[in-house]
Amino acid sequence: MRLVDAHAHVQADRFARDLPGVLGAAAASGVERLLVPGWNVVSSREAVALAHAPTPGAPPIDAAVGIHPHEASGADDSAWAEIAALAAEPFVVAIGETGLDYDRAFSPREDQLVNLRRHLALGRETGKPVILHCRSAAGLRDAQDDLIAELRTAGVGDRAWRERLGGRPPAVLHSFSGPVDYAEAALGLGLAIGFSGLVFRRTEESSADAVRRVPAQRLLVETDSPYLSPPGAPKRRNEPAWVGVTAHWVARQRDADPDTLGAALVAAYDATFGRGTGEQGT
Ligand SMILES: [Zn+2]
């Protein structure tokens, strides 16, 4: 099955000792595209460096640069200036990851909202999709509701924004978590949605319903390595090579042939991030 991993933090410390092996295993398992998002300035810089220096035998790497909601309070103006400068680099295909996290709430909500708004403005300005993390505490949906409200206020999905993105989605809901009507609201705004090992958790049953509603050209799979291990993967170190577990789950939920789905995943990745189309933002 052809595969993509649309969200893997392979610049994390946990991969420092054997990254070439991790990337080689990803390629051997079928992964043809790898998107590496930053979560602060240093990890964004590292993502860009990885994209610039491909490892022989590894999938091509694309980078995203941004500040995770957990890091929102620590990001000063100089950090933000560096993210904005990195965002212009050619191997940077997306802005993020950013978003809202009301579950662990390592940064106050007001700081997270300011951080999110900056990323949305940068996505619009650069013509690159914004990668969105969104978690509420189990059983709640306040972060999801706030996110959709913020996207609407920012004008995501309006005509000017769509034109700026050249038909690519303005944003990606990464590692989907939340109710089905939230997925529908995001799809209504033109977003793509990525599914991860989170779908196997007991509190995430609505993911099965959500994944059936996503149009193939806006459907992505990801690991969020080194986190969110699917069944079978080491608990403390998920890797891109495990993305097939989630992809096969997606195929079952959609009653799709895995090979057909795999080809669609690669096409959706390219349509979302512009790889191979020459449509990366300027
Ligand atoms: Zn992530």
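For the structure itself, look to the data block above.
Small disclaimer: the values here were computed from a predicted structure and weren't measured.

Caption draft 1: Spotlight on the coordination of the zinc ion. Protein coordination of the zinc ion is provided by His7 (NE2), His9 (NE2), Glu97 (OE) and Asp224 (OD), with donor distances spanning 2.0 to 2.4 Å. Coordination geometry of the zinc ion: the four donor atoms subtend angles of 87 to 176° at the metal centre, consistent with an arrangement described as irregular. Spacing between the donor residues of the zinc ion along the chain follows H-x1-H-x87-E-x126-D. With Glu97 in strand 4 (residues 92-101) and Asp224 in the loop between strand 8 (219-221) and helix 9 (243-254), this residue pair connects regions lying 127 residues apart in the sequence. For Glu97, a relative accessible area of 2% puts it in the buried group. According to the relative accessible area criterion, Asp224 is buried, its value standing at 7%.

Caption draft 2: Representation of the packing of helix 8 (residues 206-213) against helix 9 within the structure. Remark: helix 8 packs on helix 9, axes separated minimally by 9 Å, with the N-to-C direction vectors making an angle of 75°. Put simply, helix 8 runs roughly perpendicular to helix 9. Within the contact between the two elements, helix 8 uses Ser207, Ala208, Val211 and Arg212 and helix 9 uses Trp249, Val250, Gln253 and Arg254. Looking at the contact of helix 8 with helix 9 residue by residue, the class counts come to four nonpolar, two polar and two charged.

Caption draft 3: Layout of the pattern of salt bridges. Under the defined criterion, the tally for this structure stands at 17 salt bridges. Residue Arg33 pairs with Asp270 through a salt bridge whose shortest N-O separation is 2.8 Å. Of this pair, Arg33 sits in strand 2 (residues 31-37) while Asp270 sits in helix 10 (residues 258-273); the two residues are 237 residues apart in sequence, bridging distant segments of the chain. Note that Arg118 is salt-bridged to Asp77, the shortest N-O span being 2.9 Å. With Arg118 in helix 4 (residues 109-126) and Asp77 in helix 3 (residues 77-86), this pair connects stretches of sequence that are 41 residues apart. Arg118 gets classed as partly exposed once you look at its relative accessible area, which sits at 27%. Of the residues examined, Asp77 reaches a relative accessible area of 58% and is grouped as exposed. Among the charged side chains, a network of salt bridges with common partners joins Glu184, Asp209, Arg212 and Arg213.

Conventions we followed
Residues numbered from 1 in each chain as written. Predicted model: local features only at pLDDT ≥ 70, side-chain atom pairs only at ≥ 80, totals over all residues. Heavy atoms only, no water. Donors = N, O, S within 2.8 Å, 3.2 Å for Na, K, Ca; no water. Tetrahedral: all angles 85-135°; square planar, octahedral: opposite > 155°, others 65-115°. Helix = DSSP H or I, 4+ residues; strand = E, 2+ residues; numbered from the N terminus. Buried < 20%, exposed > 50% of the residue type's maximum accessible area, 1.4 Å probe, protein only. Axes fitted to C-alpha atoms, helices over the stretch in contact; angles between N-to-C directions. Parallel < 35°, antiparallel > 145°, perpendicular 65-115°, else oblique. Contact = heavy atoms within 4.5 Å. Nonpolar A, V, L, I, M, F, W, Y, C, P; charged D, E, K, R; others polar. Salt bridge = Lys/Arg side-chain N within 4 Å of Asp/Glu carboxyl O.

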